[in-house]
Amino acid sequence: MSRRKKAAEPTEEAAPEPSRAAGGCVLAVLVLVAGAVLFAFLGTLAVLVVWAAGGVTLWRGARSVPSAANPAPPPVSEGAENTTPQFTVVEDRPGHCTIVWSKGATE
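The shown structure was predicted, so the numbers you read here are calculated from the model rather than taken from an experiment.

On the surface, Val 29, Val 33, Val 37, Phe 41, Leu 42, Leu 45, Leu 48 and Val 49 cluster together into a nonpolar patch covering about 760 Å² of accessible area. For the nonpolar patch, the secondary-structure elements that each account for two or more residues are helix 1 (20-42) and helix 2 (44-63). Top contributing element to the nonpolar patch by residue count: helix 1, with five residues. For Leu 42, the location among the structural elements is in helix 1.

Dropping the structure here:
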């Protein structure tokens, strides 16, 4: 008598999550391919399109900067003159640190 092997039951393995770096690389390759096709077919007009796209990008970037990117700190609240901020660096997991702030009194 021969025995047949049972088919292995599929195990539920977590599929690896796609990384942002891989998505960025794919996007960069697509942009480069589109640019190459644009230059191949349009020639000089493609250069003008690239300059226009760069100009629009710079213009939008300049408009998105807030008027007060580095404002003055808020005034010190009443009773806060005698305290100094204290902090502790805590390593939550290997290679990752968190800073824990607390108010401490000065002597």
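Under the 1.5 Å per step criterion, the end-to-end length of helix 1 is 32 Å for 23 residues, consistent within 8% with the ideal 33 Å. With its phi angle positive at about 65 degrees, Gly 43 sits one or two positions after the end of helix 1.

The rules behind these values
Counting restarts for each chain, with residues numbered from 1 along the sequence as it is written. Given that this is a predicted model, residues contribute local features only at a pLDDT of at least 70 and side-chain atom pairs are listed and counted only at 80 or more, while totals for whole chains, interfaces and linings are drawn from all residues. The basis for the side-chain values is all heavy atoms of the structure; hydrogens and waters are excluded. Each patch groups residues whose relative accessible area exceeds 30% and which form no salt bridge, using 9 Å between like charges and 5 Å between nonpolar side chains of Val, Leu, Ile, Met, Phe, Trp and Tyr. Only the protein chains shown count as cover for residues, and the accessible areas themselves come from Shrake-Rupley with a 1.4 Å probe. One side-chain nitrogen of Lys or Arg within 4 Å of one carboxyl oxygen of Asp or Glu is enough to make a salt bridge. Secondary structure follows DSSP: runs of H or I at least 4 residues long count as helices, runs of E at least 2 residues long count as strands, and numbering of each begins at the N terminus. Given a helix with a known number of residues, its expected span is that number minus one, times 1.5 Å.

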